[in-house]
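Secondary and tertiary structure notes
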Amino acid sequence: MARRKAKEADYISKLTEKQRIVITDMEHKSKAFVPLQIDPGNEVEVVEIDGGLITGLSEGEYICDNLVYTIKTNTAGLNITWFLELKGTKNEKEAKHAVDQIIKSIYYMQDQAAYPQATKYITNRDFVFAAIAGAPDKTLPVLNNEDIKILCKKLKAISGRRKDVKDMFMLFCYIKPNVKYKTAKIKGNRAPYDILCYSKQEGYIPYPSMLMRLLEGKNIQSKCSR
């Protein structure tokens, strides 16, 4: 019982401007990670969903790992939620399962009767994004648009400023840590894009400004900075 109470007390990490965090999933032995640095004027919560925000699921039932939630934002005055699933796999079937886990998490969080503490994270949000994160030594398989279509439709539907989303696939991205990238970059010819990053120097992903660059399709890189 004591262990369960400790778990419930520490599934939220609060960060303020310029603070850094490396989000991992050591519990499931994943090598994937997401390095974030909070933009000036912003305060966020990094929330563990599976086993923290959402508990009591059946054995063998899996949901999304984490989300990042803006509490106070100075970045265009936007309220943003970002779902993160850390997979670190070359397996296409596992990558597709990651998409299902994010969708399932959203449905649970919309169940206000069962999970009233979770509802705020997807309510009155300007934009809701999602990402699958990989590991430095593995290549994430690129899913076709049909594989992520249901998820992207859902993300757009729960985004309050959905009219400003010109391409729903911009709400989804792949996070690919790579030691060659000393500065976090966005790469791709069209959505969904890749975010290339690392947990050293300036390789941390600026949050939430990089997500707005995804949405605008600006400054997309084709080569890495070394």
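Please refer to the structure placed before this passage.
All of these numbers come straight from a predicted model, not from anything done at the bench.

1. Describing the pairing of strand β3 (residues 33-38)
In terms of burial, β3 is largely enclosed, as 5 of its 6 residues are buried. Alignment of strand β2 (residues 20-24) against β3, held across 5 bridges, turns out to be antiparallel. Paired with arginine 20 across the strands is glutamine 37, a residue of β3. Bridge count between β3 and strand β11 (residues 205-207): 3 bridges; the pairing is parallel. Paired with isoleucine 38 across the two strands is tyrosine 207, which belongs to β11.

2. Observations concerning the environment of cysteine 173
Take cysteine 173: it is sitting in strand β8 (residues 172-177). Of the residues examined, cysteine 173 reaches a relative accessible area of 1% and is grouped as buried. Sequence-wise, cysteine 173 and tyrosine 193 are 20 residues apart; in three dimensions their C-alpha atoms are separated by 5.1 Å. If we ignore the near neighbours within four places in the chain, the residues touching cysteine 173 are Trp82, Ala130, Ala131, Ile132, Tyr193, Ile195 and Leu214.

3. Let's talk about the packing of aromatic side chains
Counted under the stated rule, the structure contains 6 aromatic pairs. Ring plane angle 85 degrees and centroid distance 5.9 Å describe the contact between tyrosine 108 and tyrosine 115, whose orientation is recorded as edge-to-face. Seen from their ring centres, phenylalanine 127 and phenylalanine 129 are 6.4 Å apart, and the 50 degrees between their planes marks the pair as tilted. The class for phenylalanine 129 is buried, based on a relative accessible area of 1%. Above the face of the tyrosine 204 ring, arginine 20 is positioned so that its terminal group lies 4.2 Å from the ring centre. Geometry around tyrosine 174 places lysine 176 over its ring, the cationic atom sitting 5.9 Å from the centre.

4. Description of the sheet that holds β3
Pairing is mixed in the open sheet, where 3 strands are placed in the order β2-β3-β11. The open sheet is flanked by β2 and β11, the only strands paired with a single partner. Direction aside, the axes of adjacent strands within the sheet are offset by 35 degrees on average.

Rules and cut-offs
Residues numbered from 1 in each chain as written. Predicted model: local features only at pLDDT ≥ 70, side-chain atom pairs only at ≥ 80, totals over all residues. Heavy atoms only, no water. Buried < 20%, exposed > 50% of the residue type's maximum accessible area, 1.4 Å probe, protein only. Helix = DSSP H or I, 4+ residues; strand = E, 2+ residues; numbered from the N terminus. Pairing = 2+ DSSP bridges. Contact = heavy atoms within 4.5 Å. Phe/Tyr/Trp six-rings, centres within 6.5 Å; stacked < 30°, edge-to-face > 60°. Lys NZ or Arg CZ within 6 Å of the ring centre and 35° of its normal. Axes fitted to C-alpha atoms, helices over the stretch in contact; angles between N-to-C directions.

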